[in-house]
Number of protein chains: 2
Amino acid sequence: MHYKVGDATIKEILEQVKAWENTLKDIKKDRESLQRYTRGLKDKELILIGCGTSYYLALSGASVYMKITKEKARGVPASDILVFPYSVFARDSKYLVIPISRSGTTTETVLAACYIKEKLGIETLALSCYENSELANLCDRKLIASGASEKSIVMTKSFTSMLLIIQLLAAIKAGNKEYEEQLLSLPEKGKRILKEYQSFTKDIAYDESLNKFIYLGQGPFYGLASESMLKIKEMSLSHSEAYHCLEFRHGPKSIVDNKTLVIIFLSDSGKDYETTLLKDIKDLGAKTLVICDRATKEIMDLGDYIVELDSGLPDYARLILYMPITQLLGYYRAIFKGLDPDNPKNLTQVVIL
Amino acid sequence: MHYKVGDATIKEILEQVKAWENTLKDIKKDRESLQRYTRGLKDKELILIGCGTSYYLALSGASVYMKITKEKARGVPASDILVFPYSVFARDSKYLVIPISRSGTTTETVLAACYIKEKLGIETLALSCYENSELANLCDRKLIASGASEKSIVMTKSFTSMLLIIQLLAAIKAGNKEYEEQLLSLPEKGKRILKEYQSFTKDIAYDESLNKFIYLGQGPFYGLASESMLKIKEMSLSHSEAYHCLEFRHGPKSIVDNKTLVIIFLSDSGKDYETTLLKDIKDLGAKTLVICDRATKEIMDLGDYIVELDSGLPDYARLILYMPITQLLGYYRAIFKGLDPDNPKNLTQVVIL
């Protein structure tokens, strides 16, 4: 069979909605048992840990979990547990740790999970794409995105599918039926967005005037912005950075020029602040790509490129719908530069130390 | 009087040790009252908030506070409080919030402090360089780095002095005399380091083969790495990024080449992991600047440039000693590029919305 550059990655991006459907089905089957399980979590702070993409997933996952369950949650790089655990775990406090790893074999995450379980005696709940992985086997319980395993080195559908699992866990724990219903509607909306915006996003990626990509997202969108920054860096070796939206004025804006594309993950909660920010960014001469649910007249005037997700869902429910856009941006930027997104420079599928 | 490019900034960097001495004196005077105050904080999670440099201070400050007091602490961008407060504050939990702002007038931080105090009814403790600023006046109590106010737009001595205040607060709360003694020894060590490494750092900054600066720091060093990334970006408009040390392998390393300088904040706790990482980075062809307390033989062989702080202090005590080096790196890189560090592009002293 003839190998086409980037073949595996583009398939995984375009077919990720199928993985979301599988995830929703799997969790539905497990629903009652999960409900019982989450009842036992009262007053435990949730610590989500991971490396790279899984760390960024931990950040957005923690943000969602807090909002929906009203209980404490934090995202932490797995390596911090290995090197500075006392800056993560306080004395006399109760925790549940969710170690996240697509393969379930990432060395730092596996070592951190062992340490947490054996030395600290803290309960662990694995989140992975592989049921029988080292991580899944060593943790007290597991959550598996079985349809989200990937051939590619870069993570795309595994990121969105595992984030969806955290969202479902939060919904079930909180007994929030409305939120759960909203999550059930994501695959259908995702399909439409991919269809509507694939070639649109390709055109942006092929804009040869650009040489810098800045991703801005606030609150639960910060992890998504960071993951999007990583995607375009890994696949296309582009200069990319990520910040909380309003952090952008406090220093980073100094490097913006007319070769910069600023990508804003517009939120409903922050849209007034973010619209003003957009004006500032335009004044600095940058191009802008605004991803939002529905654009106001003002946004229409300010954005060079606008993606309307048109989901009708609130901020915390529609998170993963933003990701296909930025995954495609990274993918097509690589193709534009003559690079193979399936084989990013210096990287491997799993980091084994 | 003749104006010399970068005059204000270099003065503030070189004289920051004086500000540390003032800070130590001020807190000593206030010691008993602070001790009584911290006794009332039992079981309260500390939330440090700020923007830009003050946000990075919040990250390192929270890491230190947890380790020394064994109680919970988090660093959060002030803007997240304004836009997504329920991803920061959990139900039925007790908090103390420390809003941080050099001027005490940063709009987001002031608005967040008002919201926290008035809408959430949470206690606030201002950290600022100005006793009578808006922020200091509206909070329930204040901590002032009176000798650390600056003429410059970029923050240098105010960052280290205010971080020192958080360290002292943690020491007093924990009744940790040994740690407090260690902090008292910082000015003397800082003076020596500045003297020993000023021209050394200038030479690195003048290396014309470099075009990318990656800062790596784990745990409490991550906030410092981020702040160092911001310094060189603001002053010299260089391409700069920051990551937790071991996160570097999970994607970001794809963009490393022989024009990259990787700056590692070497820790005692992480030095085995970090030494192996250093080998990987060398294999990718990058240049390395290692800042450590004392270099092993292996580090000596691996680092292109090595700074030995030679403080004899543990990781959590010696944090601010790393900063003059990276502040100087940013400063001299600007001078090398013909830019004025006192007047960075697009920036102002305070961000007022």
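One numbering rule holds for all chains: residues counted from 1, following each sequence as written. Chain labels run from A onward and ligand labels from 1 onward, assigned in the order the entries are written. Where local features are concerned, this predicted model is filtered to residues with pLDDT of at least 70; where side-chain atom pairs are given and counted, the filter is 80 or more; whole-chain, interface and lining totals use all residues. To obtain the side-chain values, all non-hydrogen atoms of the structure were included, while hydrogens and water were left out.

Turning our attention to the overall build of chain A. Each helix is a run of H or I in the DSSP string that is no shorter than four residues. Each strand is a run of E no shorter than two, and both are numbered from the N terminus. Scanning chain A from N- to C-terminus turns up 15 helices and 10 strands. Taken over C-alpha atoms, the radius of gyration is set against a globule rule of 2.2 Å times the number of residues to the power 0.38. In summary, chain A has a C-alpha radius of gyration of 20 Å against a globular reference of 20 Å for 353 residues, a match within 12%. Three exposure classes are used, based on accessible area relative to the maximum for each residue type with a 1.4 Å probe and protein chains only: buried under 20%, partly exposed in between, and exposed over 50%. Every one of the 353 residues in chain A was classed for burial, and the buried ones make up 66%. Considering only contacts within chain A whose residues lie at least 6 apart along the sequence, 74% involve residues at least 24 apart. When the accessible area of chain A is evaluated, it comes to approximately 12,300 Å², of which 48% is carbon and sulfur surface. Positive charges come from Lys and Arg, negative ones from Asp and Glu, while His and the chain ends are left out of the count. Charge coordinates come from a single atom per side chain, which is NZ of Lys, CZ of Arg, CG of Asp or CD of Glu. Across chain A, the 47 positively charged side chains and the 46 negatively charged ones have centroids separated by 3 Å. Residue contacts follow a heavy-atom distance rule, with two residues in contact if any of their heavy atoms lie within 4.5 Å. For accessible areas, the Shrake-Rupley method is used with a probe of radius 1.4 Å. Any residue's cover is judged against the shown protein chains and nothing else.

All names here are of chain A. Annotation comment: domain bounds sourced from an automatic or database domain assignment. We note that the domain assignment places domain 1 (7–184) and domain 2 (187–336) within chain A. Each partner contributes to the interface: domain 1 provides 29 residues, whereas domain 2 provides 30 residues. For the domain 1 and domain 2 pair, buried surface summed over both sides reaches about 2,500 Å², with 73% attributable to carbon and sulfur atoms. Simply put, the buried area is the total loss of 1.4 Å probe accessible area from both parts when two parts are fitted together. Contact with domain 2 buries area across many residues of domain 1, yet Trp20, Tyr56 and Gln182 alone supply 21% of it, more than any other trio.

Looking now at the sheet that holds strand 7 (residues 239–243) of chain A. Residue and element names in this part refer to chain A. Any two strands with at least two DSSP bridges between them are considered paired. With parallel pairing, five strands are arranged side by side in an open sheet as 7-6-8-9-10. Two strands bound the open sheet, and with one partner strand each, they are strand 7 and strand 10 (305–308). Averaged over all pairs of adjacent strands, the angle between their axes in this sheet comes to 15°, without regard to strand direction. Note that strand 8 (residues 260–265) and strand 9 (residues 287–292) share five bridges and pair parallel. Residue pairing across strands places leucine 261 opposite lysine 287, the latter belonging to strand 9. Here an angle of 0 to 180 degrees is reported between the N-to-C directions of two axes, which are lines fitted to C-alpha atoms, with helices fitted over the stretch in contact. Relative to strand 8, helix 12 (residues 271–283) is tilted by about 175°, and along the sheet it contacts strand 6 (212–216), strand 8 and strand 9.

Buried Ala, Val, Leu, Ile, Met, Phe, Trp, Tyr and Cys residues that are joined via side-chain atoms within 4.5 Å together make up what is termed a nonpolar core. Formed by 124 residues in total, the largest nonpolar core has its most connected members in Leu216 of chain A together with Ile98 and Tyr215 of chain B. When residues of this core are assigned to their parent elements, the largest contribution, 11 residues, is made by helix 8 (residues 157–174) of chain B. Ignoring sequence-local partners within four residues, the contact set of isoleucine 98 of chain B consists of Leu46, Ile47, Leu48, Ile49, Leu125, Leu127, Ile166 and Leu169 of chain B. In this structure, Met66, Ile100 and Leu289 of chain A together with Val290 of chain B belong to the second largest nonpolar core, which totals 123 residues.

Another point: the side chain of lysine 189 of chain A. All names here are of chain A. As for its placement among the helices and strands, lysine 189 is situated in helix 10 (residues 186–205). Salt bridges are counted wherever a side-chain nitrogen of Lys or Arg sits within 4 Å of a carboxyl oxygen of Asp or Glu. Salt bridges are absent for the buried lysine 189, whose nearest opposite-charge side chain, glutamate 188, sits at 6.2 Å. Setting aside chain neighbours within four positions, we find lysine 189 in contact with Ser311, Leu313 and Leu321.

All names here are of chain A. Across four bridges, strand 9 lies against strand 10 in parallel orientation. Paired with leucine 289 across the two strands is tyrosine 305, which belongs to strand 10. Remark: the strand 9/helix 13 (residues 297–302)/strand 10 crossover connection has right-handed handedness. With its strands directed away from the observer, a crossover is right-handed exactly when the path from the first strand over the helix to the second travels clockwise.

For the rest of this paragraph, the subject is the interface of chain A and chain B. The interface is formed by 69 residues belonging to chain A together with 69 residues belonging to chain B. Overall, the association of chain A and chain B removes approximately 5,600 Å² of surface from exposure, summing both partners, and the carbon and sulfur fraction of that is 59%. It is Phe84, His250 and Ser254 of chain A that lose the most area in chain A upon contact with chain B, and together they represent 12% of the buried surface on that side. Between chain A and chain B we count four salt bridges in total. One salt bridge connects lysine 233 of chain B with glutamate 241 of chain A, and the closest N-O pair in it is separated by 2.8 Å. Two N or O atoms count as a polar contact when they lie within 3.5 Å, although within protein this holds only if one can serve as hydrogen donor and the other as acceptor, and sequence-adjacent residues are included solely when both atoms are side-chain atoms. Along the contact surface separating chain A from chain B lie 25 residue pairs in polar contact (both at pLDDT 80 or more). Of all the secondary structure elements, the ones that give two or more residues to the side of chain A that touches chain B are strand 1 (45–50), helix 4 (53–69), strand 2 (73–77), helix 5 (78–83), helix 6 (107–118), helix 11 (220–236), strand 7 and helix 14 (315–318) of chain A. In terms of residue class, the side of chain A that touches chain B is built from 31 nonpolar, 21 polar and 17 charged. Under the scheme applied here, ten amino acids are nonpolar (Ala, Val, Leu, Ile, Met, Phe, Trp, Tyr, Cys and Pro), four are charged (Asp, Glu, Lys and Arg), and all others, including Gly, are polar.

All names here are of chain A. Per the counting criterion, the structure on display carries 48 salt bridges over all chains. Of the charged contacts, one joins glutamate 196 and arginine 192 as a salt bridge, the two residues approaching to 3.7 Å between their closest N and O atoms. Here glutamate 196 and its partner arginine 192 are both found in helix 10, four residues apart, which amounts to about one turn of the helix. We classify arginine 192 as partly exposed; its relative accessible area is 30%. Counted as one network, the salt bridges with shared partners bring together Asp268, Asp293, Asp315 and Arg318.

Turning our attention to the sheet that holds strand 4 (residues 123–128) of chain B. Residues and elements named next belong to chain B. Spatial ordering of the open sheet is given by 2-1-3-4-5, a layout of five strands whose pairing is parallel. Of all strands in the sheet, those bounded by a partner on one side alone are strand 2 (73–77) and strand 5 (141–144). Each strand axis lies, on average, 20° off the axis of its neighbour in the sheet, ignoring direction. Those strands touched by helix 3 (residues 31–39) are strand 3 (95–101), strand 4 and strand 5, and its axis lies near 135° from that of strand 5.

Okay, the environment of tyrosine 95 of chain A next. All names here are of chain A. Examined against the element boundaries, tyrosine 95 turns out to sit in strand 3 (residues 95–101). Taking the C-alpha atoms as reference points, tyrosine 95 and glycine 121, 26 residues apart in sequence, are found 9.8 Å from one another. In terms of polar contacts, tyrosine 95 uses its side chain to reach the backbone amide nitrogen of alanine 90, at 2.8 Å.

Next up on the list: the relation of the copies chain A and chain B. Overlaid copies result from least-squares superposition on C-alpha atoms, with residues included only where pLDDT is at least 70 in both. Superposing chain A onto chain B requires a rotation of 180° together with a translation of 0.0 Å along the rotation axis, leaving an RMSD of 0.0 Å. Accordingly, the operation relating the two chain copies is best matched by a two-fold axis. In terms of proximity to the rotation axis, the leading residue of chain A is glutamate 241 of chain A, whose C-alpha is 3.7 Å off the axis. Interface overlap between copies is the fraction of interface residues in one copy that are interface residues in the other; for chain A against chain B it reaches 100%, indicating a shared surface.

We call Phe, Tyr and Trp rings a pair once their centres come within 6.5 Å, taking the six-membered ring for Trp, and we label the pair stacked below 30 degrees between planes, edge-to-face above 60, and tilted otherwise. Per the counting criterion, the structure on display carries 20 aromatic pairs over all chains. Relative to phenylalanine 221 of chain B, the ring of phenylalanine 84 of chain A lies with its centre 6.3 Å away and its plane at 50°, an arrangement referred to as tilted. With phenylalanine 84 of chain A in the loop between helix 5 and strand 3 and phenylalanine 221 of chain B in helix 11 (residues 220–236), this residue pair bridges two chains. We classify phenylalanine 221 of chain B as buried; its relative accessible area is 0%. For the ring pair phenylalanine 200 of chain B and tyrosine 305 of chain B, a centre distance of 6.3 Å and an interplane angle of 85° mean the geometry is edge-to-face. A residue pair is termed long-range when its members are at least 10 positions apart, and phenylalanine 200 of chain B in helix 10 (residues 186–205) and tyrosine 305 of chain B in strand 10 (residues 305–308) qualify at 105 residues. A network of ring pairs unites the aromatic residues Phe84 of chain A together with Phe221, Phe265, Tyr316 and Tyr322 of chain B as a single cluster. In this scheme, the term charge over a ring applies when either NZ of a lysine or CZ of an arginine sits within 6 Å of the ring centre and within 35 degrees of the ring normal. Geometry around tyrosine 37 of chain A places arginine 141 of chain A over its ring, the cationic atom sitting 4.8 Å from the centre.

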